[in-house]
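What follows is each chain in one-letter form.
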Amino acid sequence: MKSKQQIGREYRAKTLKFLARVGYATTRQIAMAVLGSCDMSGRKMAGRTIRSLFALGYLVKKRDGDSVAGEMMLALNRAGVAALAELVEMPHGRAHARDWLRHAHKHRTACNSVYAAVTRGLDEDIGWSELEIRAGSAPANLSAFSYSDDDGINLQKIPDLLLHGFAGPIWVEVENGWRGARDMQKLVWFLRSIFEHPAPLIDKVWFVVTATGAKTIGKRLHAALTHGPESGYPRQIRELDARILSERLAIFQLDADLLELTRLALQQD
């Protein structure tokens with residue numbers, strides 16, 4: 001049986017590695033990613049780990065100005081990065097994460113919450129965070145996908161997260177706001193382009209709702225990809241869109257308090 005000291009060391013190491021991968025995180029995110037639980041007990045245990053890392057001089061902090069509660073956000077300083085030197089490499093080879101913390105923004109924070117929700121205390125590598133993708137740490141053929149609109153204009157899409165799935169990579173779109181009509185149309189072009197191939201680069205696309213304004217994304221995708229014979233779309237497009245709906249998409253809702261994912265029906269509001 002492990003001693004409390006051993007468990008404490010493991011929690012500290014996992015916390016440092018998680019912070020290195022996402023750039024910065026809240027206590028809630030650390031509790032879910034490291035301990036697999038974001039309830040009161042998990043947050044208390046995460047708080048003890050964080051206090052011990054502060055005592056070692058490994059962390060810096062700031063308040064989240066975008067949240068109502070002003071939750072504390074934490075990142076590695078130079079000493080924290082040095083302590084991790086043999087365990088994980090910082091994106092861009094950074095010596096500290098102060099700049100990421102200083103310029104923390106709502107979308108990355110939401111992506112980090114989803115990454116923590118999927119990690120949920122697991123020891124294995126689940127994929128790449130938003131920060132790692134932007135830093136070029138993920139495979140180049142998955143980090144950006146080039147496609148064309150109906151007029152042949154080249155477009156590019158970058159995933160918010162990339163996960164290891166049972167049947168292949170999972171592309172994650174973190175929905176933290178309303179998508180306009182043009183953005184929805186670009187999304188449909190992207191889905192058709194990536195899934196029209198017999199052996200696509202990715203297996204699934206997940207949409208994770210993290211804000212009220214994005215709650216209808218499943219219903220809107222269902223409407224955009226559902227066509228009757230009278231729609232005017234060629235048979236090949238109708239069949240492709242039907243396969244995308246039935247085989248390739250999943251919609252999830254993130255619980256902002258517990259950081260747990262719940263799968264939703266595509267047509268659900």
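Residues numbered from 1 in each chain as written. Predicted model: local features only at pLDDT ≥ 70, side-chain atom pairs only at ≥ 80, totals over all residues. Heavy atoms only, no water.

The secondary structure content of the chain amounts to 11 helices and 11 strands. Whereas a compact globule of 269 residues would reach a radius of gyration of roughly 18 Å, the chain reaches 20 Å, a difference of no more than 12%. Dimensions of the chain along its principal axes, counting C-alpha atoms only, are 65 × 40 × 35 Å. The proportion of buried residues among the 269 residues of the chain is 48%. Sequence separation of at least 24 residues holds for 61% of the intrachain contacts in the chain that already meet a minimum separation of 6. Of the roughly 13,600 Å² that the chain leaves accessible, carbon and sulfur atoms contribute 51%. Mean positive and mean negative side-chain charge positions of the chain (37 and 30 charges, respectively) differ by 7 Å. (Helix = DSSP H or I, 4+ residues; strand = E, 2+ residues; numbered from the N terminus. Rg over C-alpha atoms; globule rule 2.2 N^0.38 Å. Buried < 20%, exposed > 50% of the residue type's maximum accessible area, 1.4 Å probe, protein only. Contact = heavy atoms within 4.5 Å. Areas by Shrake-Rupley, 256 points an atom, 1.4 Å probe, with all protein chains shown as cover. Lys, Arg positive; Asp, Glu negative; His and termini not counted. Charge placed at Lys NZ, Arg CZ, Asp CG, Glu CD.)

Here R21 shows up in helix α1 (residues 4-22). Assessed through its relative accessible area of 17%, R21 is described here as buried. For R21, the side chain forms a polar contact with the main-chain oxygen of G127, separated by 2.7 Å. With residues up to four places along the chain from it excluded, the contact list for R21 reads Y115, D125, G127, W128, S129, L131 and E132. (Polar contact = N/O pair within 3.5 Å; in protein donor to acceptor, adjacent residues only side chain to side chain.)

Looking now at the sheet that holds strand β2 (residues 59-63). Here 3 strands make up an open sheet; going across it, the order is β1-β3-β2 and the pairing antiparallel. Each having just a single partner strand, β1 (25-26) and β2 make up the two edges of the open sheet. Two strands pair when backbone bridges link them, and β1 and strand β3 (residues 72-76) are joined in this way by 2 bridges, in the antiparallel orientation. In the sheet register, A25 faces β3, and the bridge partner there is L74. In the packing of α1 onto the sheet, the strands contacted are β1, β2 and β3, and the crossing angle to β3 comes to about 95°. (Pairing = 2+ DSSP bridges. Axes fitted to C-alpha atoms, helices over the stretch in contact; angles between N-to-C directions.)

Moving on, we come to the packing of helix α2 (residues 27-35) against helix α3 (residues 40-55). How two helices pack is summed up by the angle between their axes together with the distance between the axes. Their axes nearest at 8 Å, the elements α2 and α3 cross at an angle of 100°. It follows that α2 is roughly perpendicular to α3 by the angle criterion. Contact residues: α2 offers T27, R28, I30, A31 and L35, while α3 offers G42, R43, M45, A46, G47 and I50. (Parallel < 35°, antiparallel > 145°, perpendicular 65-115°, else oblique.)

Let's shift gears to helix α10 (residues 217-224). Considered for burial, the residues of α10 that qualify are I217, G218, R220 and L221. Each buried residue of α10 sits inside an arc of 165° when the element is viewed along its axis, so together they form one side. (Arc of directions from axis to C-beta.)

This part is about the nonpolar core. Counting residues in each nonpolar core, the largest one holds 40 residues, and the members touching the most others are F18, I30, L76, V114 and V172. Top contributing element to this core by residue count: helix α6 (residues 106-119), with 7 residues. W171, F190, L240 and L266 belong to the second-largest nonpolar core, a separate cluster that totals 32 residues. (Core = buried A, V, L, I, M, F, W, Y, C linked by side-chain atoms within 4.5 Å.)

The interhelical angle for the contact between α1 and α3, taken along N-to-C directions, is 80°, at an axis separation of 10 Å. As judged from the angle between their axes, α1 and α3 are roughly perpendicular. Two secondary-structure elements touch here, α1 through Y11, R12, T15 and L16 and α3 through M45, T49, S52 and L53. Here the residues of the contact of α1 with α3 are counted per class, giving 4 nonpolar, 3 polar and 1 charged. (Nonpolar A, V, L, I, M, F, W, Y, C, P; charged D, E, K, R; others polar.)

On to the packing of aromatic side chains, then. Evaluation of the coordinates by the stated rule reveals 6 aromatic pairs. Between F145 and F190, the ring centres sit 5.8 Å apart and the planes meet at 75°, which makes this aromatic pair edge-to-face. Placement of the pair is F145 in strand β5 (residues 145-148) and F190 in helix α9 (residues 181-195), with a sequence separation of 45 residues. No difference in accessibility class separates F145 from F190, as the two residues are buried. Residues W171 and F190 carry aromatic rings whose centres are separated by 4.8 Å and whose planes lie at 45° to one another, so their mutual orientation is tilted. Remark: F190 occurs in helix α9 and W171 occurs in strand β8 (residues 169-175); sequence separation between them is 19 residues. For W171, a relative accessible area of 1% gives the class buried. On the accessibility criterion, F190 (0% relative accessible area) is buried. Over the face of the ring belonging to F190 we find K157, whose NZ or CZ atom lies 5.9 Å from the ring centre. The aromatic ring of W178 is capped on one face by R220, whose charged end is 3.7 Å from the ring centroid. (Phe/Tyr/Trp six-rings, centres within 6.5 Å; stacked < 30°, edge-to-face > 60°. Lys NZ or Arg CZ within 6 Å of the ring centre and 35° of its normal.)

In this structure, strand β4 (residues 127-128) lies alongside strand β7 (residues 161-164), joined through 2 bridges in antiparallel fashion. Of the residues in β7, the one forming a bridge with G127 is L163. Between the antiparallel neighbours β7 and β8 lie 4 residues, among them G168 with a positive phi of about 150°.

To continue, consider the environment of A31. Within the fold, A31 resides in helix α2. Sequence spacing of A31 and L258 is 227 residues, and the spatial spacing of their C-alpha atoms is 9.6 Å.

Moving on: the side chain of E130. Turning to its location among the elements, E130 is positioned in helix α7 (residues 130-134). Not counting chain neighbours up to four residues away, the residues in contact with E130 comprise R108, C111, D160 and L161.

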